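# Residue-level structural notes
Listed here are the chains, written in short residue letters.
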Amino acid sequence: MTTPASRPTKRYSYLEDGPAIYVESFATIRRESDLSHIPASAERLAVRMIHGAGQTDVAADLLIHPEAVPAGRAALDAGAPIFCDARMVAVGVTAGRLPARNEVRCHLHDERVPALAAEWGTTRSAAAVSLWAPELDGAVVAIGNAPTALFHLLELILDGGPRPAVIVGCPVGFIGAAESKAALAALHAEHGIDIPFVTLRGRRGGSAITSSALNALASDNE
């Protein structure tokens with residue numbers, strides 16, 4: 001027989017109601033963040049990313065293409081798949097927010113990846129990106145862990161490969177993260193390729209902030 005759970009004695013004063021916590025969290029973000037440089041259509045996306053990071057100063061580093069939210073939402077409404085560089089990004093997507101039961105895919109553990117990575121002398125995360133190619137055109141891409149994956153995606157595009165509808169590029173780390181995100185932001189200016197994107201300057205990023213951006217693209221509801 002299972003022993004019933006018992007609540008411990010409440011000793012601290014804290015907000016317990018889940019919906020109320022969300023409301024107060026987003027209100028706090030708006031009070032403490034400068035969102036004046038964020039496109040109007042992307043304000044809720046920015047708020048969700050800040051929420052995912054837990055740091056309001058992230059706002060100053062956000063770079064969001066003015067068409068990122070309209071393009072991403074249109075793609076998802078049309079049933080486009082979401083390609084992720086890591087399982088941690090994929091599992092952070094809230095299925096109930098997806099408008100067309102969109103497939104969320106991560107090829108990192110595909111059996112072909114280790115051989116490709118060894119042959120090309122790159123990371124498995126980067127090698128997995130090439131497996132997206134058959135369905136990459138018009139898809140939604142989310143890279144939150146591996147700078148090599150973002151570099152590889154940009155190189156694939158620059159070689160004339162398929163173009164996604166939007167790129168959420170927020171890899172985290174000390175080697176290549178800032179540089180890969182700068183390359184994404186400069187894709188139009190340096191190469192004349194205008195793909196809507198979401199990114200942030202510097203080393204910060206990661207799965208939580210990336211999946212938060214995906215959830216905001218999927219639905220305008222907070």
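Structure's up top.
Let me begin by describing the structure that accompanies this report. What you are looking at is a predicted structure, and each value in this text was computed from that prediction instead of being measured.

Read from one edge to the other, the open sheet built from six strands follows the order S1-S6-S5-S4-S2-S3, with strand pairing classed as mixed. Each end of this open sheet is capped by a strand with a single partner; those strands are strand S1 (62-64) and strand S3 (104-106). Between one strand axis and the next, the sheet turns through 15° on average, direction left out of account. In this sheet, strand S6 (residues 197-200) lies alongside strand S5 (residues 166-169) in parallel orientation, the contact comprising three bridges. The partner of Gly169 across the bridge, within S6, is Thr199. Across the sheet, helix H2 (residues 43-53) lies against S1 and S6, angled at about 145° from S1, the strand it touches most.

Here we come to the packing of helix H1 (residues 18-32) against H2. At a closest axis distance of 10 Å, the pairing of H1 and H2 adopts a crossing angle of 105°. By the angle between their directions, the pair H1 and H2 is classed as roughly perpendicular. Across the interface between the two elements, Tyr22, Ser25, Phe26, Ile29 and Arg30 of H1 pack against Glu43, Arg44, Val47, Arg48, Ile50 and His51 of H2. Broken down by class, the residue content of the contact of H1 with H2 amounts to five nonpolar, two polar and four charged.

Of note in the backbone geometry, Arg101 takes a positive phi value of approximately 50° without being a glycine. Assessed through its relative accessible area of 80%, Arg101 is described here as exposed.

Moving on: the packing of H2 against helix H11 (residues 207-218). Where H2 meets H11, the closest approach of the two axes is 8 Å, and the angle between their N-to-C directions is 150°. As judged from the angle between their axes, H2 and H11 are roughly antiparallel. Note that H2 runs across H11; the crossing there is right-handed. Two secondary-structure elements touch here, H2 through Arg44, Leu45, Arg48, Met49, Gly52 and Ala53 and H11 through Ala208, Ile209, Ser212, Ala213, Ala216 and Leu217. Taken together, the residues of the contact of H2 with H11 sort by class into eight nonpolar, two polar and two charged.

What counts, and at which threshold
- Residue numbers run consecutively from 1 along every chain, following the written order of its sequence.
- With the structure being a predicted model, the display of local features is reserved for residues of pLDDT at least 70 and the display and counting of side-chain atom pairs for 80 or more, all residues being used for whole-chain, interface and lining totals.
- Water and hydrogen atoms were dropped before computing side-chain values, which therefore reflect all heavy atoms in the structure.
- When DSSP finds at least two bridges between two strands, those strands are taken to pair.
- To qualify as a helix, a DSSP run of H or I must reach at least 4 residues; to qualify as a strand, a run of E must reach at least 2; elements of each kind are numbered from the N terminus.
- Here the axes come from fitting lines to C-alpha atoms, over the contacting stretch only for helices, and the angles between their N-to-C directions go from 0 to 180 degrees.
- The criterion used for residue contact is that any of the two residues' heavy atoms lie within 4.5 Å.
- Each angle gets one of four labels, with under 35 degrees taken as roughly parallel, over 145 as roughly antiparallel, 65 to 115 as roughly perpendicular, and the rest as oblique.
- Residue polarity follows a fixed list, in which Ala, Val, Leu, Ile, Met, Phe, Trp, Tyr, Cys and Pro are nonpolar, Asp, Glu, Lys and Arg are charged, and the others, Gly among them, are polar.
- For each residue, the accessible area found with a 1.4 Å probe, counting protein chains only, is set against the maximum for its type, and the residue is called buried under 20%, exposed over 50%, and partly exposed in between.
- For a crossing to be left-handed, the near helix must be turned anticlockwise from the far one by less than a right angle; the clockwise case is right-handed.

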